[in-house]
Number of protein chains: 2
Amino acid sequence: MKQYTNIELKAELENAGIRGTAQRIAILGFMRENPVHPTAEVVFEALRDKVGSLSLTTVYNTLKLFVEHGLVSMLTIDDTFRCFDGNVEMHAHLMCRNCKKIIDMPMPREVATFLEEIEDFDADEVQLYVKGICKECKIK
Amino acid sequence: MKQYTNIELKAELENAGIRGTAQRIAILGFMRENPVHPTAEVVFEALRDKVGSLSLTTVYNTLKLFVEHGLVSMLTIDDTFRCFDGNVEMHAHLMCRNCKKIIDMPMPREVATFLEEIEDFDADEVQLYVKGICKECKIK
DNA sequence: CACAGTATTTAAAATCATTTTAAATTTGCA
DNA sequence: TGCAAATTTAAAATGATTTTAAATACTGTG
């Protein structure tokens, strides 16, 4: 898991056209270094003691800002929670209906072709969501 | 657009293992006959004057019940509204970011193969969502 | 066909994740 | 350093959805 310096994170924020504040650096760092799919609440709990000052409101607003600037993506795989992904490369997601764990998968190649063939529509995002029961939950 | 009789709709509900009440028949009929992707609110507004008695609560609870019984599917393409699809055949969806219109598309064939090849996961649902700008909104 | 028990529907209240507001704080720049 | 603009914050508001509890409507049985 690659580690990022504050300098690198700040540069990434500024390249995206937004200021690199302490809160934003911490949130972006968390999203980049943890290959999980956290909700705003989870990000807040993970960082509240590590950042001088941080509020849940800031986490909500910052993640929304990051999505608008293409720094992270938002997953709508489950209607009961909104989560985010620090990996903005195109890939698929599996979600276990039981434990709610989200697993990354490569996107089937044909999906890229499919996107190119769509007419009369300027696509800018694609999400492939698969739901079911994971191995661990099945055993139980 | 195929029309369904109340007899047919009632039979479909009972085959699914639930009672065929007036409200459920009306809601299932609406979902089957209209190739749209309505929210609970939209279904309620469309039916409130056509069904003797109908409440928004019933529409919410009934659509949830239908999803549990596989009669309709729920789309989570947009985190600001939850909508439903009376067509439970596997297919993809495009959504216009501007007008929020949702368009059906055939699912790329390779996605079915992809599902079969997933290991250690019992998949029971797949959704492919594409977001962008539709032709009409692009012109403006 | 009436009755009893169960399922369904309803209006009203509650919930809860997210957004907005407005004030306080921090930042970048002159 | 000091000022204007941006950001963060706590608190309040929002609004879609769910829960509650009472009323209503079914279904099967005698």
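How each quantity is defined
Residues numbered from 1 in each chain as written. Chains lettered and ligands numbered in written order. Predicted model: local features only at pLDDT ≥ 70, side-chain atom pairs only at ≥ 80, totals over all residues. Heavy atoms only, no water. Domains from an automatic or database assignment. Contact = heavy atoms within 4.5 Å. Buried area = accessible area lost by both parts, 1.4 Å probe. Salt bridge = Lys/Arg side-chain N within 4 Å of Asp/Glu carboxyl O. Near = heavy atom within 4 Å. Polar contact = N/O pair within 3.5 Å; in protein donor to acceptor, adjacent residues only side chain to side chain. Helix = DSSP H or I, 4+ residues; strand = E, 2+ residues; numbered from the N terminus. Axes fitted to C-alpha atoms, helices over the stretch in contact; angles between N-to-C directions. Parallel < 35°, antiparallel > 145°, perpendicular 65-115°, else oblique. Left-handed = near helix turned anticlockwise from the far one by under 90°. Nonpolar A, V, L, I, M, F, W, Y, C, P; charged D, E, K, R; others polar.

Asks: Sorry if this is basic, but what is going on with the domain arrangement of chain A here?
Replies: Many analyses report the size of an interface as the accessible area lost when the parts associate. Residues and elements named next belong to chain A. Considered domain by domain, chain A is made up of domain 1 (6–78) and domain 2 (89–139). When each unit is reduced to the centre of its C-alpha atoms, the spacing between domain 1 and domain 2 is 23 Å. Taken together, the contacts link 6 residues of domain 1 with 11 residues of domain 2. At the boundary of domain 1 with domain 2, total buried surface from both sides reaches about 750 Å², with 60% on carbon and sulfur atoms. In terms of surface lost to domain 2, no three residues of domain 1 exceed His-37, Leu-75 and Ile-77, which account for 73% of the buried area on that side. Along the contact surface separating domain 1 from domain 2 lie 1 salt bridge. A salt bridge links Lys-100 to Asp-78; the nearest nitrogen and oxygen atoms lie 3.8 Å apart.

Asks: What is the right way to look at the protein's contact with DNA strand C in this model?
Replies: The immediate surroundings of DNA strand C are formed by 16 residues, with Tyr-60 of chain A together with Thr-21, Ser-53, Leu-54 and Thr-58 of chain B found nearest. Close to the protein, within 4 Å, the atoms of DNA strand C are drawn from sugar and phosphate at a rate of 85%. Residue Gln-23 of chain B places a side-chain N or O atom 3.1 Å away from a sugar or linking oxygen belonging to DNA strand C. Contact between DNA strand C and Arg-24 of chain B: a phosphate oxygen at 2.9 Å from a side-chain N or O atom of the residue. Of all the elements in the fold, those that place two or more residues in the surface near DNA strand C are α4 (56–68) of chain A together with α2 (22–33) and α4 (56–68) of chain B.

Asks: Mind showing me how you'd approach the packing of helix α3 (residues 40–47) of chain A against α4 of chain A here?
Replies: Geometry of a packed helix pair, given as the angle between the helix axes and the separation of the axes. All names here are of chain A. Where α3 meets α4, the axes come as close as 9 Å, and the angle between the chain directions of the two elements is 125°. On the basis of their axis angle, the class for α3 and α4 is oblique. Crossing hand, α3 versus α4: right-handed. From α3, Ala-40, Glu-41, Val-43 and Phe-44 reach across to α4, where they touch Leu-56, Val-59, Tyr-60 and Leu-63. Classifying every residue of the contact of α3 with α4 gives 7 nonpolar, no polar and 1 charged.

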